[in-house]
Amino acid sequence: MELVFVILIGVLYAGGIFMLLRRSMVRLLIGIALLGNGANLLIFLLGGITKGKPPVIGDAARVFTDIYADPIPQALILTAIVISFGLQAFAIVLLKRVYVLVNSDDLDDLNTPEEEDI
Amino acid sequence: MLIAVLSGLLFSLLYIPFGKYLKGRLAVVAALLPIGLFAYFCSFIPAVSAGNAQVFQYPWIPSMGVNLDFRLDGLSLLFSLLITGIGSLIFLYASAYLKGHPYLGRFYAYLCLFMAAMLGVVLSDNVLLLFVFWELTSISSFFLIGFNNDDAASRKNSLMALAVTGGGGFLLMGGLVLMGHLSGTYSIREMFASNEFLKAHALYPLILALVFMGAFTKSAQFPFHFWLPGAMKAPTPVSAYLHSATMVKAGIYLLARLYPVLGGTDWWTYPLIVVGGITMLYSAFHSIFRTDLKGILAYSTISALGILVFLIGIGTTQALLAAAVFILVHALYKASLFLTTGVIDHETGTRDVTKLSGLRLVLMPLAVAGLLAGLSSAGLPYTFGFIGKDLIYEATLNTGGAMPVILTSLAVITNILLLYAGLLAGLKPFTGSLPSSFADIHLPHWLMWTPPVLLALLGIAFGAFPALADTALLNPAAAAMINESIDSPLKIWHGFNLVLLLSGTTLVLGAVLYLMRKPSAASVTWMARFDHISPKHIMGRTVQYAAKSAAVYTKTLHNGYLRVYLLCIILFAIGLLAFRLFTGGPVQWTINELGPVTSYELIVAGILIGAMYLTVTTPSRLAAIAAIGVIGYCICLLFVFYSAPDLAMTQFTIDTLTVVLFVLVLFKLPPFLNFANRSVRIRDGVVATCFGAIISLIAIQVLNEPTDKTVSQYYGDNAYLLAKGKNVVNVILVDFRGMDTMFEIVVLSIAAIGVYSLLKLRLRASDKD
Amino acid sequence: MKSTILKTASSYLLPILLLFSIFILLRGHYLPGGGFVGGLIASIAFVLHSFTHDTEATLQLLRIHPRALIPVGLGVSALSMFVPFLGGLPVMTGLWFDEPVPVIGLIGSALVFDLGVYLVVIGVVLTVLFTISQYSE
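Given the structure is predicted, the values throughout are model-derived calculations rather than measurements.

Caption draft 1: Focus on the interface of chain B and chain A. Each partner contributes to the interface: chain B provides 103 residues, whereas chain A provides 87 residues. At the junction of chain B and chain A, the tally comes to three salt bridges. With its nearest N and O atoms 2.6 Å apart, the salt bridge here joins B:K709 to A:D70. Between chain B and chain A we count 14 residue pairs in polar contact (both at pLDDT 80 or more) in total. It is helix 30 (residues 678–703) of chain B that contributes the most residues to the side of chain B that touches chain A, 14 residues altogether. Grouping the amino acids of the side of chain B that touches chain A by side-chain chemistry returns 66 nonpolar, 23 polar and 14 charged.

Here you go:
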């Protein structure tokens, strides 16, 4: 199964990069979102994946008696997911603002005229 | 002591919020700080002149050898008294000079900061601490010079001063760290012990070069002198404070302070004599071609600094005593002249010496101050300047070999020119007939004319009764430079000897020059012809070329196309990663321990890849958003399969909200435009695929390595025992790493505030264009 | 989006989802859940309500503007961090009541911290979404 994960991560990264290289700002944002997902999955995979053993201690027990999934990547990813929401919210509103100002989704329209002398 | 040094910083902070209450007379209150400090330092005079240096130690970063060590010996005391004493007068003077200025609070804040930094420089025993304060003086003087920040020239010149002194400071840091490293201590006092070792070390010339660069830039030595005349754009009280008594003397102080550690060798003597000599002659010569009063004073100040460097270079006991005396002499008469100039400028609105005359009729006390300071600068008997000049000649005469003739004639010529400049600034505006345009000028507020008069009178008092200062202040100061005690009272009368003859010659020739030569605008223009070979212009041109080449470079690389930048970065990353991957050992293509694959996982993976294809290819915005929603849910399912229920729940909810967010914002935007043609898309596709493949390969390599689980183990084992929780992920978030979570929600809040303010901001009409 | 069925349903869904979110929040220390997820579920409940009714109606229902929840939540979390400090313990020391409470389990400073997170998340998400939807109208 790890190989499937590896392929998925590759696909997510490749798709994210491809979208980053577009001229459209919306696609740029989508690219960032995809890259974020790819990175989350990568961290998840590298922490070691375990099936059906959530890092939750059983009802009666005080410590783990069985093997369990690594909690640290999970805590990291949870943080990352929430933060990326904040990032995307801000970015998308920025985009909206820019759109209202320049009335275009094209990144190239954002270039200011060259300042002649510095 | 710590409080004394840092009080300036504290007050400086206080002036920023409370400065607006300082309007008008209240500004006088600000002077209480320097006056108090002056009294405080005066209380140390008996102890220090008895040869007991006061040491104050406060641990700061002991592990790095940086402590707040302050040491008050003769040299430090002399400087501290100058800084706080002249500082007090400047504070009082400025309260009248800048009366009603809207940024008076800010001005006092900078001034306090500067004073504290300066005190720090002269009191620090630790070289690193000294450096910190050194830089603080550069920064605070930058603010002070550029205080009239709506004037372009003022901004430019303050920037130039900062560039020169800051660059020098950078080199100085190198020198100081090298010294500390080689001698194994950062305390100047302890460095005395290793001075023989340092002088014999192979890196000694380098240390000297770096320290000299720091001192020369700060003390405006040729060829770095040009920032000082530019800095005359500052309000006059600032010029008087920074450029007569304090800031520019910091370089002198540094040389004097390090003389016992580094001085006395040929490597020390010759560069200082040469640079000091060139500086004093060059700028004394320059000063007589100026017509702007402040310009004259600026160049004569540089010349005086040159003399000081020259004296420290000579390095005999006499020369060092002469330097100590001259520091005080110069500070007194130059501050007085600057303040007089300030009043003239304030009242008449001009500083052009060709236009000013006869002001004694309206500004009598200032005429007295100007005259006395001018005479002291000229070195007339019974002024302090006379004693200073005598000592200089004595010092130059008593050097060995063929040197005395050259050095003495240099000193004599410089002094003749300086005498002329002093008379020009102190005497010329007040003599002659009063032009009618100046007839209705009247004396300003007493706070503006008493400080220069007081300073000038002090110069006379010390000159007439040298015993006031010699054993108490000046001998200990010189003693600190050679690190042994000196007892040589200053004398006015040495008898008929060569020194007296030289003094007399200087006086006569200077007076003749003053009477013969009239300053005129023509001489200024004549001098301007040589401007293009002056160091200032060479530096200016260098900066211009640097800016031009930077612009060319920027236009090539920074072409404004985000995707080009990204492409560069990604290609570089691919290259770097691939290089490391394929040269760093055998590349593994498969994973040793594979978990089983089930059919439903394959289906989820298939959906994810399909959704990805849709995202990349669809021309419809909504379809793309829906597709990334699907990708998110697929990842959520993977989290469910692989024992991450918390992640699955978070991913699910966030994904839902993200889609809502995208739809809300993008619903009304037009569909994607397809800008890129086929070949560009193929190129980007190849790049993206390469990047994905590299990441996948790296993931495989990592998976084949054993992982360290100690931290996870710790959290797993202690979740219930220490934190009384059973869901380890949640325990990590709210307990073990709670601080991180705290910052995370702060970041989220900032994002929300950003969104809110971005959208609630009203569009102005001008933004719409 | 203004179908009557959905509108009616969402009016009932809102309290249920809110109750569920609090349940998720409280059980977070023992079972999957916690402040982040709880807060997100609560926000979804309000967002659903605002979709079917109107942003204004949801804001009225909330009574306070969601942006006020952000400082409140940050304050609650910070309080839970600094209370141990007042007792002379290092900042963020976990403090617990000895007796477990039915359903929730042990109550301690970590739960208060999570409550703060919960409030901040609701505040942030709703501020962002409501601001945007009001801007779009």
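Caption draft 2: Structural detail: the packing of aromatic side chains. As enumerated under the stated definition, the model contains 26 aromatic pairs over all chains in all. Taking the centre distance of 4.9 Å and the plane angle of 80° together, the rings of A:F44 and B:F639 count as edge-to-face. One end of the pair, A:F44, is in helix 2 (residues 25–46); the other, B:F639, is in helix 28 (residues 621–641), on a second chain. Take A:F44: its relative accessible area is 4%, and that puts it in the buried class. Its relative accessible area of 0% is what places B:F639 among the buried residues. Relative to B:F736, the ring of B:Y714 lies with its centre 6.1 Å away and its plane at 55°, an arrangement referred to as tilted.

Caption draft 3: Looking closely at the nonpolar core. Ranked by size, the top nonpolar core spans 195 residues in total, and within it B:F41, B:L262, B:W268, B:I312, B:F384 and B:L474 carry the most contacts. In terms of residue count, the dominant contributor to this core is helix 17 (residues 317–348) of chain B (20 residues). Non-local contacts of B:W268, meaning those with residues more than four positions away in its chain, are made with B:Y204, B:L208, B:F212, B:L255, B:L258, B:Y259, B:L262, B:G263, B:I312 and B:G313. Ranked by size, the runner-up nonpolar core spans 128 residues in total, among them A:V6, B:F641, B:V687 and C:V117.

Caption draft 4: Structural detail: the UniProt feature "transmembrane region" (unreviewed entry) in chain C. The sites that carry the UniProt feature "transmembrane region" (unreviewed entry) are, in the present numbering, residues 12–30, 36–52, 72–97 and 103–132 of chain C. The distance separating the terminal C-alpha atoms of residues 36–52 of chain C is 25 Å; by composition the span is 100% helix and 0% strand.

Caption draft 5: Main features of the interface of chain C and chain A. Each partner contributes to the interface: chain C provides nine residues, whereas chain A provides nine residues. With both chains or domains summed, chain C and chain A bury close to 740 Å², and 85% of this area falls on carbon and sulfur atoms. Put simply, chain C and chain A have zero salt bridges between them. Our count for the chain C to chain A interface comes out at zero residue pairs in polar contact (both at pLDDT 80 or more). If you tally residues by element for the side of chain C that touches chain A, the top one is helix 5 (residues 109–136) of chain C, at five residues. Grouping the constituent residues of the side of chain C that touches chain A by class yields eight nonpolar, one polar and no charged.

Caption draft 6: Quick look at the side chain of A:R27. Here A:R27 shows up in helix 2. For A:R27, the side chain forms a polar contact with the main-chain oxygen of B:T618, separated by 3.1 Å.

Caption draft 7: Structural detail: the side chain of B:S287. Relative to the helices and strands, B:S287 resides in helix 15 (residues 266–287). Ignoring anything within four residues of it in the chain, the contact list for B:S287 reads B:I296, B:Y299, B:S300 and B:A421.

Caption draft 8: Seen up close, a nonpolar patch on the surface. There is a patch of nonpolar side chains on the surface, built from A:V63, B:Y714, B:L721 and B:L722 and spanning about 360 Å² of accessible area. Along the polypeptide, B:L722 turns up in helix 31 (residues 710–723). Residue class for B:L722 comes out exposed when judged on its relative accessible area of 52%.

Caption draft 9: Structural context of the environment of B:S336. Tracing the sequence through the fold places B:S336 in helix 17. In the structure, B:S336 is positioned 37 residues away from B:A373 in sequence and 6.4 Å away in space, judged by C-alpha atoms.

Caption draft 10: Spotlight on the confidence of the model for chain C. Across chain C, pLDDT averages 82, with 82% of residues at or above 70. Complex prediction metrics read pTM 0.64 and ipTM 0.92.

Caption draft 11: Looking closely at the pattern of salt bridges. The final tally for this structure, using the stated rule, is ten salt bridges over all chains. A salt bridge links B:D73 to B:R71, with the nearest nitrogen and oxygen atoms 3.3 Å apart. Owing to a relative accessible area of 7%, B:D73 belongs among the buried residues under this scheme. Through salt bridges with shared partners, one network takes in A:R22, B:R683 and B:D684.

Rules used in this analysis
Residues numbered from 1 in each chain as written. Chains lettered and ligands numbered in written order. Predicted model: local features only at pLDDT ≥ 70, side-chain atom pairs only at ≥ 80, totals over all residues. Heavy atoms only, no water. Contact = heavy atoms within 4.5 Å. Salt bridge = Lys/Arg side-chain N within 4 Å of Asp/Glu carboxyl O. Polar contact = N/O pair within 3.5 Å; in protein donor to acceptor, adjacent residues only side chain to side chain. Helix = DSSP H or I, 4+ residues; strand = E, 2+ residues; numbered from the N terminus. Nonpolar A, V, L, I, M, F, W, Y, C, P; charged D, E, K, R; others polar. Phe/Tyr/Trp six-rings, centres within 6.5 Å; stacked < 30°, edge-to-face > 60°. Buried < 20%, exposed > 50% of the residue type's maximum accessible area, 1.4 Å probe, protein only. Core = buried A, V, L, I, M, F, W, Y, C linked by side-chain atoms within 4.5 Å. UniProt positions renumbered as here; feature names shortened; annotations may be inferred. Buried area = accessible area lost by both parts, 1.4 Å probe. Patch = residues over 30% accessible without salt bridge, like charges linked within 9 Å, V, L, I, M, F, W, Y side chains within 5 Å. Areas by Shrake-Rupley, 256 points an atom, 1.4 Å probe, with all protein chains shown as cover. pLDDT = per-residue confidence, 0-100.

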